[in-house]
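# Chain and residue survey
What follows is each chain in one-letter form.
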Amino acid sequence: GNPTAVTYSLCVYDDSAEVKEGKNKMSGAASLWYCRIRYLDNDFRRTERQRKVINALMKQALKTSPDKLFKIVNKVLPMITTSMDRNDLIPLGFNTVFNFVVGKNTQHQVPADDTWTNARINGADVLKMDMDKNISLLNDFLY
């Protein structure tokens, strides 16, 4: 079963985190570590942890002044690389925040359920996914 509390050493960040069942308050380094854990379960659970952290960040952002949020966004945006046009990215961000505020925050995983199979390619265990189906589902989800 799952331990009720585990303390891990974050050697890269010279930090440690005690993770208990339920809500946990973590530093940025501990949150990053929590998102990246690979040895507990599988990639689907890891991305679930990532979504939990993103939701917690969104809740915290809603408690932050607009002025401070604007400063944070201006620091973060230059660190984001995407093929999306900025004119598409900004409305998508506002739409995401609005939906979160009104309780319509939905999530989507790639590959979506029933769109992949286990495969062995070049000696590695991988997920072989139906790209066309996932692109279509992601497009429908975003737009």
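Residues numbered from 1 in each chain as written. Predicted model: local features only at pLDDT ≥ 70, side-chain atom pairs only at ≥ 80, totals over all residues. Heavy atoms only, no water.

### Points about the packing of helix 2 (residues 43–62) against helix 4 (residues 86–101)
Between helix 2 and helix 4, the shortest axis-to-axis distance is 11 Å and the interhelical angle comes to 85°. The angle between helix 2 and helix 4 places the two elements in the roughly perpendicular class. Touching N55, M58, K59 and L62 of helix 2 are T96, V97, F100 and V101, all from helix 4. Here the contact of helix 2 with helix 4 is composed, by residue class, of five nonpolar, two polar and one charged. (Axes fitted to C-alpha atoms, helices over the stretch in contact; angles between N-to-C directions. Helix = DSSP H or I, 4+ residues; strand = E, 2+ residues; numbered from the N terminus. Parallel < 35°, antiparallel > 145°, perpendicular 65-115°, else oblique. Contact = heavy atoms within 4.5 Å. Nonpolar A, V, L, I, M, F, W, Y, C, P; charged D, E, K, R; others polar.)

### Some words on the pairing of strand 3 (residues 116–121)
Relative to strand 4 (residues 124–129), strand 3 runs antiparallel, the two being bridged by six bridges. Residue pairing in the sheet places N118 in a bridge with L127 of strand 4. (Pairing = 2+ DSSP bridges.)

### Describing unusual backbone geometry
Cis geometry marks the peptide bond from V110 to P111; its omega dihedral reads 5°. Positionally, P111 belongs in the loop between helix 4 and strand 3. Phi is positive for D114, close to 65°, though the residue is something other than glycine. Following the sequence through the fold, D114 ends up in the loop between helix 4 and strand 3. For D114, a relative accessible area of 74% translates into the label exposed. If you check the backbone angles, N122 has positive phi at about 50° while not being a glycine. Within the secondary structure layout, N122 lies in the loop between strand 3 and strand 4. (Buried < 20%, exposed > 50% of the residue type's maximum accessible area, 1.4 Å probe, protein only.)

### Some words on the confidence of the model for the protein chain
Overall, the prediction assigns the protein chain a mean pLDDT of 81, with 87% of residues at 70 or greater. In the model of the protein chain, strand 1 (residues 5–10) stands out as the element of lowest mean pLDDT, 44, in contrast to helix 5 (residues 131–142), which has the highest, 93. Throughout residues 1–14 the model reports pLDDT below 50, and contacts reaching past four residues in sequence, or to other chains, amount to 27 contacts. (pLDDT = per-residue confidence, 0-100.)

### Some thoughts on the side chain of R49
Of note, R49 is situated in helix 2. Its relative accessible area of 6% is what places R49 among the buried residues. For R49, the side chain forms a polar contact with the side chain of D41, separated by 3.0 Å. (Polar contact = N/O pair within 3.5 Å; in protein donor to acceptor, adjacent residues only side chain to side chain.)

### A few points about helix 4
The end-to-end C-alpha distance of helix 4, which contains 16 residues, comes to 23 Å, matching closely the 22 Å that a straight helix rising 1.5 Å per residue would cover. Near the N-terminus of helix 4, the side chain that reaches the backbone nitrogen of N87, with its oxygen 2.8 Å away, is that of D85. Two residues or fewer after helix 4 comes G103, characterised by a positive phi angle close to 80°. (Expected span 1.5 Å × (residues − 1).)

### Describing the pattern of salt bridges
Applying the stated criterion to the full structure yields six salt bridges. One salt bridge in this structure joins D41 and R49, with 3.0 Å as the shortest N-O distance. Looking at D41, the relative accessible area reads 34%, which means it is partly exposed. The salt bridge partner of E48 is R45, with a shortest N-O separation of 3.8 Å. Taken as a pair, E48 and R45 lie in helix 2 at a separation of three residues, close to a single helical turn. (Salt bridge = Lys/Arg side-chain N within 4 Å of Asp/Glu carboxyl O.)

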